[in-house]
Amino acid sequence: MSTEAKKILIVEDEPSLIFTLQDTLENEGYNTFIAKEGGKAIEIVKKENPDLLILDLMLPGISGYDVCEKVRELNYTFPIIMLTARDQEIDKVTGLNIGADDYMTKPFGVKELLARIQARLRRSETYAKGKPVNEIDLDPVHINLKNATAEHPEKGEVDLTTREVELIRYLYANANSPVSRSDLLENVWRYEYSTNTRTVDVHVSKLRSKIEVNPDDPKYLVTLHGVGYMLKIS
Ligand code: CA
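Calculation notes
Residues numbered from 1 in each chain as written. Predicted model: local features only at pLDDT ≥ 70, side-chain atom pairs only at ≥ 80, totals over all residues. Heavy atoms only, no water. Pairing = 2+ DSSP bridges. Helix = DSSP H or I, 4+ residues; strand = E, 2+ residues; numbered from the N terminus. Axes fitted to C-alpha atoms, helices over the stretch in contact; angles between N-to-C directions. Contact = heavy atoms within 4.5 Å. Donors = N, O, S within 2.8 Å, 3.2 Å for Na, K, Ca; no water. Buried < 20%, exposed > 50% of the residue type's maximum accessible area, 1.4 Å probe, protein only.

## Comments concerning the sheet that holds strand β3 (residues 52–56)
Taken in spatial order, the five strands of this open sheet run β2-β1-β3-β4-β5, and their pairing is parallel. Two strands bound the open sheet, and with one partner strand each, they are β2 (31–35) and β5 (102–105). Taking the axes of each pair of neighbouring strands and ignoring which way they run, one obtains an average angle of 20 degrees across the sheet. One ladder, built from four bridges, connects strand β1 (residues 7–11) with β3; its direction is parallel. Across the sheet, Ile10 pairs through a bridge with Ile54, a residue of β3. Of the strands in this sheet, β1, β2, β3 and β4 (80–84) touch helix α1 (residues 15–27), which is tilted by about 165 degrees from β2. Each of β3 and β4 touches helix α3 (residues 64–73); the most contacted strand, β4, lies at about 170 degrees to it.

The following block contains the structure:
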C-alpha cells in the first residue's frame, strides 16, 4: 500500500459544500482538487489522474452525467461518487449505468460520504491506478487480464479464474513490494478478519503453474519467507 496521499477531485459548484468537503478531506490526509465545472474536471482528471472523483450532477456547462461518461470513455477506472439534490430513482439508475460507483442525495452527512470514499478507495486498491492494466508480460509467459488467459510456452493458452486475475492485478499494483497473506485475503478475497491464509497459498501455487515456466523455482511470483509474496518485475 502506498503511503502517498490519495488524490480526490471534487467537482461541485456550490461554494459552501466545496469548503466543507475540501476541509473534511484535507483533514483526513487526502490531497484535494476542485473543479467548479465539467470542462475543468476533465482537464484535471487528465493532468492529475485522481484516485477518486466526487461528482455533482447539476453543474454549469457540461453536466455531471457527461463528465462521468467522458471519464469512462477515456478508460479511467477510479471510483466515482455522484452527488445530486434530486432524489429521483431515475438519476440513480442513469448514474450507475454510465459508470458511477456510488450515489449520494443532498443533503448528506459528511461522515457518511467519508465512509463511502474510504470503502471505494480500499476496493480500488486491487487495481493499478488510473487506466486499467490489461496485459502483463512475464517473459516468456504473456498474461491477458481482459481475456483472463495466459500464453504459456509449454502449455499454450491457459484460462485464468476471476480470482487469479484479481490476484495478479493486486500483486501487479504492488509489484516489487512484499504483500502479506492477510493483505491478500483482505484485498483480493475481501475477508476482513480471516486467518485462513492457507487459501492464499493454494491459489498462489495454482497460479504459478499457469504463469511460471518452473513453478517450483518461480522467477516472478516469489515467496518471501515469513512475509508473504511478491511479484518481481523489472
Ligand atoms: Ca450543483
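From this point on, the discussion continues.
## Points about the coordination of the calcium ion
Summarising the metal site, the calcium ion is bound by the protein donors Asp13 (OD), Asp56 (OD) and Met58 (O), whose distances to it range over 2.1 to 2.4 Å. Taking the relative accessible area as the measure of exposure, Asp13 reaches 33% and is therefore partly exposed. The class for Met58 is partly exposed, based on a relative accessible area of 46%.

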